[in-house]
Amino acid sequence: MNNLEKLIEIHFEGQLKIGSSEKIERENYDVQYSKIIADWYWNYAFLKSPEVDLKALWEEIKSDMQKLERQPVLYLMSNQDNSKIEGQFGDCHLENLYTDCWMAIENLERFPAYESKLQVEISQVKEEEKAQFVQAVMEGFSSDDPEDPYGTLPEEYRKIYDLKFEDGEFHKLEYCAKYKGEMVGTANLWYKGTYAIIYSVSTKKEFQKQGICKKMMSNIIKDLRKLGIDTVCVQTEKGFYTEKIYQNMGFEEVMLRKSVWREGKSC
């Protein structure tokens, strides 16, 4: 496997484990769905090949997802040629929902040692701090700002941070930034072998633009180097300010993970 394939594998494996997700396997597509969270980030169909009649297949996908009480959603990844599929979107009246951007950095030794304007302490989250961490995540992703790509998380997201699992190869770590004892920043990561993906990077609204995120990323990557990790990926939404922040840190786009589409009109 190449680097991108490894990262994709970790992402799917993480969703299956941490999101309490399951998979329905069909001949031409799979449906992955969460038993906890109903939104489209955790519930979608993905094609096994772009060489399909999408209009006929979309009816099957809709049926499968509606039985699960999930909104029918299809996503594509830019590591394959989707031109034939995209040419059929008009026939099915599909519209763009959002595009998720994967960004990676491989030379971790060159990652800058950022400092925050505030005296914050970065550490891994202890078991007794878990409830505080979950609350900080929810507050960090609480916004009605149209420039915020994530907005406010549904309440059911709390449950995924409480899930535990035992796996000899796949690992999950959670980090926090504290200011005067208050948890003001969060991040978690999934890693396997020499690859890691960082998620849930957030800062409470009143502490944003103080360099907390950058300092937290510096500490996380320093720890990952000690673990032998050599490739780190982050995810953001294409075209938002967060993409520019990661670019300034040295991350480069490696894939548009999701061109997510849903039905805008009756097919």
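A few points on the structure. Predicted model only: the values in this text are computed from it and were never measured.

By size, the foremost hydrophobic cluster in this structure holds 38 residues, and its most contacted members are Ile8, Tyr75, Trp102, Phe133, Tyr157, Ile160 and Ile197. Residue contributions to this core peak at six residues, all from helix α1 (residues 3-18). Sequence-distant contacts of Ile8, defined by excluding residues within four places in its chain, comprise Met77, Asn79, Trp102 and Met255. Among the nonpolar cores identified, the runner-up in size contains 34 residues, and Leu173, Tyr175, Met216 and Tyr246 belong to it.

Using the criterion set out here, one finds 14 aromatic pairs in the structure. An angle of 75° between the planes, with centres 4.6 Å apart, marks the rings of Tyr44 and Tyr75 as edge-to-face. Note that Tyr44 is positioned in strand β3 (residues 44-47) and Tyr75 in strand β4 (residues 73-76), a separation of 31 residues in sequence.

Owing to its 3.6 residues per turn, the α-helix brings residues three or four apart onto one side. Listed as buried for helix α8 (residues 241-249) are Thr242, Glu243, Tyr246 and Met249. Down the axis of α8, the smallest arc covering the buried residues is 120°, so these residues share one side. Tucked into the core, α8 has its buried residues touching β5 (94-105), β9 (195-203), α7 (212-226), β10 (231-237) and β11 (252-263).

Pairing between side chains of opposite charge can happen when the charged atoms of each approach one another. Here the structure, examined in full by the defined rule, presents 19 salt bridges. Among the salt bridges present, the one from Glu109 reaches Arg225, with a minimum N-O distance of 3.7 Å. Taken together, the positions of Glu109 in the loop between β5 and β6 (121-124) and Arg225 in helix α7 put the pair 116 residues apart, joining distant regions of the chain. Because the salt bridges share partners, they merge into one network encompassing Glu13, Lys17, Glu169 and Lys192.

Turning our eyes to something else, we now look at the pairing of β5. Of all 12 residues that make up β5, 10 are buried, and the element is covered over most of its length. Bridging between β5 and β11 involves 10 bridges; their strand directions are antiparallel. Looking at the pairing, Asp100 lines up with Lys258 of β11.

Our next topic: the state of the cysteines. Following the criterion strictly, the structure yields zero disulfides and no others. Cys101 takes part in no disulfide bond, and the closest cysteine sulfur to it belongs to Cys233, at a distance of 8.7 Å. Since its relative accessible area comes to 0%, Cys101 is described here as buried.

The strand order β1-β2-β3-β4-β11-β5-β10-β9-β8-β7-β6 describes an open sheet built from 11 strands, whose pairing is mixed. The two strands at the open ends of the sheet, each matched to only one other strand, are β1 (21-25) and β6. With direction set aside, neighbouring strand axes in the sheet form an average angle of 25°. Across four bridges, the pairing between strand β2 (residues 29-34) and β3 is antiparallel. Note that in β3 the partner of Val31 across the bridge is Ala45. Strand contacts of α7: β6, β7 (171-179), β8 (182-192), β9 and β10, with the helix running at about 155° to β9, the strand carrying the most contacts. Across the face of the sheet, α8 comes into contact with β5, β9, β10 and β11 while running at roughly 155° to β10.

In this section: α1. When the terminal C-alpha atoms of α1 are compared, their 22 Å separation across 16 residues agrees well with the 22 Å that a helix rising 1.5 Å per residue should span. Among the residues of α1, those classed as buried are Leu4, Leu7, Ile8, Ile10, His11, Phe12, Glu13, Gly14, Gln15 and Ile18. A positive backbone phi angle near 50° is found at Ser20, which sits one or two residues after α1.

On to the environment of Leu163. Note that Leu163 resides in the loop between α6 (157-162) and β7. Along the primary structure Leu163 and Ser20 are separated by 143 residues, whereas in three dimensions their C-alpha atoms are 8.3 Å apart. Other than its neighbours up to four places away in sequence, Leu163 contacts Ile18, Ser20, Ile36 and Lys172.

In this section: unusual backbone geometry. Of note in the backbone geometry, Ser200 takes a positive phi value of approximately 50° without being a glycine. Topologically, Ser200 is positioned in strand β9. Even without glycine at this site, Lys209 takes up a positive phi of about 65°.

Quick notes on the rules
Residues numbered from 1 in each chain as written. Predicted model: local features only at pLDDT ≥ 70, side-chain atom pairs only at ≥ 80, totals over all residues. Heavy atoms only, no water. Core = buried A, V, L, I, M, F, W, Y, C linked by side-chain atoms within 4.5 Å. Buried < 20%, exposed > 50% of the residue type's maximum accessible area, 1.4 Å probe, protein only. Helix = DSSP H or I, 4+ residues; strand = E, 2+ residues; numbered from the N terminus. Contact = heavy atoms within 4.5 Å. Phe/Tyr/Trp six-rings, centres within 6.5 Å; stacked < 30°, edge-to-face > 60°. Arc of directions from axis to C-beta. Salt bridge = Lys/Arg side-chain N within 4 Å of Asp/Glu carboxyl O. Pairing = 2+ DSSP bridges. Disulfide = S-S within 2.5 Å. Axes fitted to C-alpha atoms, helices over the stretch in contact; angles between N-to-C directions. Expected span 1.5 Å × (residues − 1).

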